[in-house]
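Chain and residue survey
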Amino acid sequence: MQFDFDWVDAFSESVFGGNGCAVVHEGADISDDVCMAYVRETSLVECTFTGPSEVADIRVRYFLASREIPFAGHPTIATVAALRARGSVQDGPLTLETQAGIIPVEVSGAQVKMTQIAPEFGPEVPVGLVAAVGGIRAEDIIAPPQVVSTGLPFCVTVLKDRTTLGNLQFDATALRALCAHLGQQDDNMMEPFWVTLSGATPSGDTFSRLLLAPPSPAEDAFTGSATGAMASYLWARGLIDQPDFTAEQGHGMGRPGSAQVRVLGPRDGITGVEVSGHGAIVMSGKVNLPQRL
């Protein structure tokens, strides 16, 4: 079958920045194996497949190369930007049906603001286990690593400086040890989300990286879902003075991206996280996909 698609760079005002996502319109009923094969074909980290919803304005499914996930940040920005460019949605409020729940979105031209759900704070993780995944020393981590989710869980890990962030070296064996500690299987790995409390540019307040295990690409250019989890962690632990800040990611890859972030609620009672960014359409066209492999 033939489907319309848009390839969108999310969290960037221009093409070739931020994080790319291919949006397959009206493809929500395509089989899982085809969706994953399509992600592998694009060499992107994630792709989305949209369809009608009985409980929201639009249904969105999110796929990695290895599995479906309940929610993801940059694909949400990309999906809504693509729909806006096609005239399928207008400026104003919008709701998305995802496996993580109903996600409220606000559209204003090329800018999309999503409100991620209230964070779930999971276990703290031994510093040594996390440090080994990035090939760094335990003392390079300045706060207890913790699993946090605003729709998708991440092990939020705060590093002492940008030099340490830049020196990270992914260790797959150490990641398996970390996931075993967390009781996770190899096909559902949770890579650490590394963050520093200074921006990549003078405009930024945080700078982050996400190194990925195969079959995904080696690094994610901008991770909107992890940004929401990270913001919740920093606000709850008193590591940022204000709930509003600019998050940056991808600059070391030559794909600079940024998001405006606002944590909602007091430090001890966060109700959600707003993450806003732009989407730039790189290409549009039609893709031929079977219903099943």
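Details of the structure are given in the entry above.
Residues numbered from 1 in each chain as written. Predicted model: local features only at pLDDT ≥ 70, side-chain atom pairs only at ≥ 80, totals over all residues. Heavy atoms only, no water.

Across its full length, the chain holds six helices and 17 strands. Against the compact-globule benchmark of 19 Å for 293 residues, the chain has a radius of gyration of 18 Å, which places it among compact chains. Seen along its three principal axes, the alpha-carbon backbone of the chain occupies a region of about 55 × 40 × 35 Å. Taking all 293 residues of the chain together, the buried fraction comes to 57%. Here the contacts in the chain between residues at least 6 apart in sequence split such that 64% fall between residues at least 24 apart. Surface accessibility of the chain: about 11,700 Å² in total, with carbon and sulfur atoms responsible for 49%. (Helix = DSSP H or I, 4+ residues; strand = E, 2+ residues; numbered from the N terminus. Rg over C-alpha atoms; globule rule 2.2 N^0.38 Å. Buried < 20%, exposed > 50% of the residue type's maximum accessible area, 1.4 Å probe, protein only. Contact = heavy atoms within 4.5 Å. Areas by Shrake-Rupley, 256 points an atom, 1.4 Å probe, with all protein chains shown as cover.)

Time to look at a nonpolar patch on the surface. A contiguous nonpolar patch, built from I142, L197 and L239 and spanning about 230 Å² of accessible area, is present on the exposed surface. The exposure class of L197 is partly exposed, given its relative accessible area of 37%. (Patch = residues over 30% accessible without salt bridge, like charges linked within 9 Å, V, L, I, M, F, W, Y side chains within 5 Å. Salt bridge = Lys/Arg side-chain N within 4 Å of Asp/Glu carboxyl O.)

For helix α1 (residues 32-42), the full list of buried residues reads V34, C35, M36, Y38, V39 and T42. The secondary structure elements touched by the buried residues of α1 are β1 (2-10), β2 (19-24), β3 (47-51), β4 (58-63) and β17 (272-288). Directly beyond the C-terminal end of α1, a positive phi value near 65° is found at S43.

Quick look at the pairing of strand β15 (residues 244-249) now. Two faces belong to every sheet, and in a regular strand the side chains alternate between them. With five of six residues buried, β15 lies mostly within the body of the structure. Where strand β13 (residues 206-211) and β15 come together, three bridges link them in parallel fashion. If you follow T206 over to β15, its bridge partner there is A247. (Pairing = 2+ DSSP bridges.)

The next point concerns the side chain of R61. As for its position among the elements, R61 is in strand β4. R61 gets classed as buried once you look at its relative accessible area, which sits at 10%. There is a polar contact of 3.3 Å between the side chain of R61 and the backbone oxygen of I30. Not counting residues up to four positions away in its chain, the partners in contact with R61 are A28, I30, D32, C47, T48, F49 and E68. (Polar contact = N/O pair within 3.5 Å; in protein donor to acceptor, adjacent residues only side chain to side chain.)

Moving on: the packing of aromatic side chains. Two aromatic rings, taken as a pair, are described by how far apart their centres are and by the angle between their planes. On inspection of all chains with the given rule, the structure shows five aromatic pairs. Ring geometry for Y38 and F49: centres 6.0 Å apart, planes at 70°, overall edge-to-face. Taken together, the residues span a long stretch of sequence, with Y38 in helix α1 and F49 in strand β3 at a distance of 11 residues. Comparing Y38 with F49, the two get one shared label, buried. The ring centre of W235 lies 3.8 Å from the NZ or CZ of R267, which sits over that ring. (Phe/Tyr/Trp six-rings, centres within 6.5 Å; stacked < 30°, edge-to-face > 60°. Lys NZ or Arg CZ within 6 Å of the ring centre and 35° of its normal.)

Our next topic: the environment of C21. Tracing the sequence through the fold places C21 in strand β2. C21 sits in the buried class, given a relative accessible area of 0%. Between the alpha carbons of C21 and F49 there is a distance of 11 Å; along the sequence they are 28 residues apart. Residues within four places of C21 in sequence aside, it is in contact with D6, W7, V8, L44, E46, C47, T48, H74, P75 and A78.

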